[in-house]
Amino acid sequence: MGLNLSIDTAVPASSAFGSGGAAKVQRPGNQALLEVRELTVSFPGEGGSRSNVVSGLNYRIEAGETLGVVGESGCGKTMTSLALMGLVPTAGNVSGQIMFGGRNLADQKDREWRRMRGRDAAMIFQEPMTAMNPVMTVGRQIAEVLIRHEGLSRRDAADRSVGLLEAVGIPSARRRADDYPHQLSGGMRQRAMIAMALACKPRLLVADEPTTALDVTIQAQILDLILELQEDTGMAVQFITHNLAVVSELAHHILVMYAGRGVEYAPAEKLFERPLHPYTRGLIATLPDPDRKVAKLPVIPGGLRSSRSPGCPFAGRCSLASDICRAAIPPMIEVEPGHHVACLKVSQ
Amino acid sequence: MSNPLLEIDRLSVHIPMRGKGLLSSGIKLRAVDEVSLTMQRGETLAIVGESGSGKSTLGYVVAGLRQQTGGSLKITPSRPHQNGRKPVQIIFQDPFSALDPRMTVEDIIGEPLRLMGQDRGTRRGRVLEVLEQVGMPAEAAQRYPHQFSGGQRQRLAIARALIGDPELIVADEPLSALDVSIQSKILNLMSDIKERHGISYFFISHDFGVVRHLADRVAVLYLGRLMELAPADEIFANPAHPYTRALMDAVPRIGRGRRKRGQVLKGEIPTPLNPPSGCVFHTRCPRATAICSTERPLLLPLVSRPAQLAACHHKE
Ligand SMILES: Nc1ncnc2c1ncn2[C@@H]1O[C@H](COP(=O)(O)OP(=O)(O)OP(=O)(O)O)[C@@H](O)[C@H]1O
Ligand SMILES: Nc1ncnc2c1ncn2[C@@H]1O[C@H](COP(=O)(O)OP(=O)(O)OP(=O)(O)O)[C@@H](O)[C@H]1O
Ligand code: SF4
Ligand code: SF4
Ligand SMILES: [Mg+2]
Ligand SMILES: [Mg+2]
């Protein structure tokens, strides 16, 4: 696949990150491209209280790196991503810091968010139709992004959008640019959405289960595409999925979430070699392995439900739980260099 | 082995296309194209293949929800199934839309028995029995579907399938809408039921981990055609068909580290309206040669492993 994202026709190199390439991203010292500190998202709950769907999350992503975020349905993966993009529904309240390129996005005005989205950071979804306009051709939609953020002329933007569709591996891109989203297959729609997200070479791509609805073959193609684009542009990726095997193939670091909290955060090799949190261990153990048949799969008892008790949110399902676990929420502790775990029994 | 539970012989589902000039043009969509296979009693056969390969269509024909347009299908129950009891039942992927939200669990699960004319008392006893078999408490009977989680609803769907005492359950991606931690529980439940009741599953799935776990044999479909049919142990150890190999290679696995690019199957499944000539896989096959685009390969046993059948001119 001839990948060329710098098919600039008349693009002014005015965007925040210049014309692409990790080398261009100037960062002082070891400041990460994205650093999330104590991120909390809450919604109004029963009786005037507020309930946190994301609580005190901390993580960072360097340029050119991929963070995999995993956890069960409802654990707050999507809400975390929406917070990064300034897209949390209005009833929700976001607190904490989202440091991106040295600025705290959490205090941004709507206008600033709008300018940033699509240009500095872009998001792709499981269902491309949520991000695409069903009554506009895909070529036109990508062109609109370029016109808005990069000030291209209509003609240049149209040419560039064909180039982008080619770059993400859509055959006969010039013809396909005139198709409406519903005329593309699921895999091709996903590619078109990636092309649209990457039109302005964002420094951060947030991908929310982008391959979950796809066949394994098409999933493999899309994962390859993301890797290729990342090598090419040096973008950072936050890849959200409930599938541990998928992130194991893509991520440099992994954040495991449970009930809105980070429970384990580590370099990918460490996490898979030696998972420490009982929940992470459970997730790995319950995954049926295509290379090995076992008589009975281990299970994690119970299900994810909001716990009002003060202790470890996993205590109700944890085989190691004891009274101390129910006393207070275990803090994330760095038990080995880079390997963080929120479990009292591990950090003791 | 004689007297199989299910025999499918050159079964096809060709769908005439409607729309501008299409019907008159006689164009047909080959959803299932001359598939032959048998299932023994108690055996679980997994059906895998990319989206659009015809898995559900074939499953619906097996479950009696759809008619084939060619070939034959024969089910030979081992015992009489009277009063409208069906030897074959089906469970679907989506546990949310599969259960009528206005009916209590007791009525939903007991429905097949009501249609047979059984009275409420008899039905209730049997409903409680199957609820227990799927690990649900008796109280569940008086509640409504929306009061249950996805995993619990899938248990209810399984209970409804079990109540008519079937010999074969067609399961169309029953786990794919569920969270991993719930998947493993339902999977264990399904293997339990299989062991205890000798039930066979016609198990449609795209998850090779799940297939490895439950299947005795595996059938690989592509564009409505059977590409490979083999015992699970053999197909996982040595896939004979290039398409099977490509599918298995594409499955993400823990412990391989970050992926190396470029070893993936290129392109997408072509349209079944106008399938490629010869071997339908030749447009994407890394091993294709001239003969592949002209001659349709037959499904034949491997010389070295005769229980493993593959339709390929250059099978491994
Ligand atoms: N608009 C909203 N108002 C209140 N609560 C919400 C709202 N949207 C989502 N939630 C709650 O926030 C929690 C986290 O949801 P989120 O969508 O982030 O989960 P997720 O991890 O992405 O799950 P999935 O894997 O199912 O996509 C859930 O409990 C959900 O019910
Ligand atoms: N009633 C119908 N009318 C037109 N086309 C149909 C009909 N039923 C099935 N098809 C087509 O037949 C082919 C096989 O569909 P089927 O649903 O059996 O595939 P599948 O393998 O179950 O796919 P998936 O993994 O997406 O569920 C597809 O091309 C589908 O569009
Ligand atoms: S803190 Fe206690 S309950 Fe929580 S995960 Fe650790 S051992 Fe289990
Ligand atoms: S017959 Fe030819 S094209 Fe078909 S799978 Fe075999 S090698 Fe590939
Ligand atoms: Mg989500
Ligand atoms: Mg289907």
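Residue positions are given per chain, counting from 1 as you read along its sequence in written order. Each chain takes a letter, starting from A, and each ligand takes a number, starting from 1, following the order in which they are written. Only residues with pLDDT of at least 70 are given local features in this predicted model, and only at 80 or more are side-chain atom pairs given and counted; all residues enter the totals for whole chains, interfaces and linings. Note that the side-chain values use all heavy atoms of the structure and ignore hydrogens as well as water.

Colleague: Looking at this structure, how should I read the sheet that holds strand E12 (residues 339-341) of chain A?
Modeller: Strand-to-strand pairing in sheets goes through backbone hydrogen bonds, with the strands running parallel or antiparallel. Residues and elements named next belong to chain A. With mixed pairing, eight strands are arranged side by side in an open sheet as E6-E7-E8-E3-E9-E10-E12-E11. A single partner strand is all that each edge strand has here, and the edge strands are strand E6 (121-124) and strand E11 (333-336). Looking at each pair of strands side by side, their axes are set apart by 20° on average, direction ignored. Here, a strand pair is defined by DSSP locating no fewer than two bridges between the strands. Secondary structure is summarised from DSSP: a helix means a run of H or I of at least four residues, a strand means a run of E of at least two, and numbering begins at the N terminus for each. Pairing of strand E10 (residues 261-267) with E12, which is carried by two bridges, proceeds in the antiparallel orientation. Angles shown run from 0 to 180 degrees and are taken between the N-to-C directions of axes, each axis being a line fitted to C-alpha atoms and, for helices, limited to the stretch in contact.

Colleague: Please explain the side chain of Ser161 of chain A as it appears in this structure.
Modeller: Counting through the fold element by element, Ser161 of chain A comes out in helix H4 (residues 154-167). Aside from chain neighbours lying at most four places away, what touches Ser161 of chain A is Gly139, Ile142, Ala143 and Leu146 of chain A. The contact criterion used is simple: two residues touch if any of their non-hydrogen atoms lie within 4.5 Å.

Colleague: Looking at this model, I keep getting lost on the pairing of E10 of chain A. Mind explaining?
Modeller: A regular strand places its side chains so that they alternate between the two faces of the sheet. Residue and element names in this part refer to chain A. Only protein chains enter the accessibility calculation, which uses a 1.4 Å probe. A residue is then buried if its area is under 20% of the maximum for its type, exposed if over 50%, and partly exposed in between. Of all seven residues that make up E10, six are buried, and the element is covered over most of its length. Pairing of strand E9 (residues 253-258) with E10, which is carried by six bridges, proceeds in the antiparallel orientation. The residue bridging Met257 from the neighbouring strand is Gly262, located in E10.

Colleague: Explain the packing of aromatic side chains to me, please; I cannot follow it from the model alone.
Modeller: We call Phe, Tyr and Trp rings a pair once their centres come within 6.5 Å, taking the six-membered ring for Trp, and we label the pair stacked below 30 degrees between planes, edge-to-face above 60, and tilted otherwise. Within the structure shown, the criterion is met by eight aromatic pairs over all chains. Between the aromatic rings of Tyr222 of chain B and Tyr243 of chain B, the centroid separation amounts to 4.5 Å while the plane-to-plane angle is 55°, which identifies the pairing as tilted. Of this pair, Tyr222 of chain B sits in strand E8 (residues 217-222) while Tyr243 of chain B sits in helix H9 (residues 242-250); the two residues are 21 residues apart in sequence, bridging distant segments of the chain. You can call Tyr222 of chain B buried: its relative accessible area is 0%. A relative accessible area of 0% means that Tyr243 of chain B is categorised as buried. Taken together, the aromatic side chains of Tyr258, Tyr279 and Phe314 of chain A make up a single cluster linked through ring pairs.

Colleague: Would you mind showing me how to read a positive patch on the surface here?
Modeller: All names here are of chain A. Residues Arg103, Lys109, Arg111, Arg114 and Arg115 make up a contiguous surface patch of positive charge. With three residues, the single largest contributor to the positive patch is helix H2 (residues 110-116). Position of Arg103 among the secondary structure elements: in strand E5 (residues 103-104). To count toward a patch, a residue needs a relative accessible area over 30% and no salt bridge; like charges are then connected within 9 Å, while nonpolar side chains (Val, Leu, Ile, Met, Phe, Trp, Tyr) are connected within 5 Å. In short, Shrake-Rupley with a 1.4 Å probe defines the accessible areas, and a residue's cover is counted only from the protein chains shown. In the sections that follow, a salt bridge refers to a side-chain nitrogen of Lys or Arg positioned within 4 Å of a carboxyl oxygen of Asp or Glu. A positive count includes Lys and Arg, and a negative count includes Asp and Glu. His and the chain ends are not counted in either. Taken as the charge location is NZ of Lys, CZ of Arg, CG of Asp or CD of Glu.

Colleague: Would you mind showing me how to read the environment of Pro306 of chain B here?
Modeller: All names here are of chain B. Of note, Pro306 is situated in the loop between strand E10 (299-301) and strand E11 (309-311). Given a relative accessible area of 58%, Pro306 falls into the exposed group. A C-alpha to C-alpha distance of 9.2 Å links Pro306 and Ala230, two positions 76 residues apart in sequence.

Colleague: Would you explain the nonpolar core in this entry?
Modeller: Generally speaking, a soluble globular protein has its nonpolar side chains buried in company with each other. Among the nonpolar cores identified, the biggest contains 66 residues, and Leu165, Ile194, Phe239 and Ile254 of chain A are the most heavily contacted of them. Note: domain ranges come from an automatic or database domain assignment. Taken together, domain 1 (1-19 + 30-110 + 202-286) and domain 2 (128-201) of chain A each give at least three residues to this core, which thus spans both. Beyond its immediate chain neighbours, meaning those up to four positions away, Ile254 of chain A contacts Leu67, Gly68, Val70, Val247, Glu264, Tyr265, Ala266, Ala268, Leu271 and Phe272 of chain A. In this text, buried Ala, Val, Leu, Ile, Met, Phe, Trp, Tyr and Cys residues form a nonpolar core when linked through side-chain atoms within 4.5 Å. Leu297 of chain A together with Met136, Ala157 and Leu187 of chain B belong to the second largest nonpolar core, which has 37 residues in total.

Colleague: Before we go on, may I ask you to explain empty space enclosed by the protein in this structure?
Modeller: Gaps between atoms show up when a probe of the same size as a water molecule is rolled over them. Residues and elements named next belong to chain A. Within this scheme a cavity is a closed region of a 1 Å grid, computed over the protein atoms alone, that accommodates a 1.4 Å probe without allowing it to escape, whereas a pocket is open but has protein on both sides within 12 Å along at least five of seven lines; lining residues each have an atom within 4 Å of a point. Grid points are joined across faces, edges and corners, and a volume is the space filled by probe spheres set on the points. Applying the stated rule across the entire model yields six cavities of 30 Å³ or more. Around the largest cavity, the lining residues are His277, Pro278, Cys312, Ala315, Cys318, Leu320, Ala321, Cys325, Pro330, Cys343, Leu344 and Lys345. Counted by class, the lining of the largest cavity contains 10 nonpolar, one polar and one charged residues. Throughout, the ten residues Ala, Val, Leu, Ile, Met, Phe, Trp, Tyr, Cys and Pro are labelled nonpolar, Asp, Glu, Lys and Arg are labelled charged, and all others, Gly among them, are labelled polar.

Colleague: What am I meant to see in the site of ligand 1 here?
Modeller: Residues and elements named next belong to chain A. A single heavy atom is enough: if one lies within 4 Å of a molecule or strand, its residue is considered near that molecule or strand. Close contacts around ligand 1 come from Phe43, Val53, Glu72, Ser73, Gly74, Cys75, Gly76, Lys77, Thr78, Met79, Pro89 and Glu209, and that covers them all. Nitrogen and oxygen atoms within 3.5 Å of one another constitute a polar contact, given that in protein one can donate a hydrogen and the other can accept it, and given that sequence-neighbouring residues count only through two side-chain atoms. In this structure, an oxygen atom belonging to ligand 1 sits 3.3 Å away from a main-chain N or O atom of Cys75. One of the backbone N or O atoms of Met79 is found 2.8 Å from an oxygen atom in ligand 1. Computed on the free molecule, ligand 1 has an accessible area of 650 Å², of which 58% lies beneath the protein chains in the complex. Among the elements that line the shell around ligand 1, the one with the most residues is helix H1 (residues 77-84), at three residues.

In short, geometric facts, not functional conclusions.
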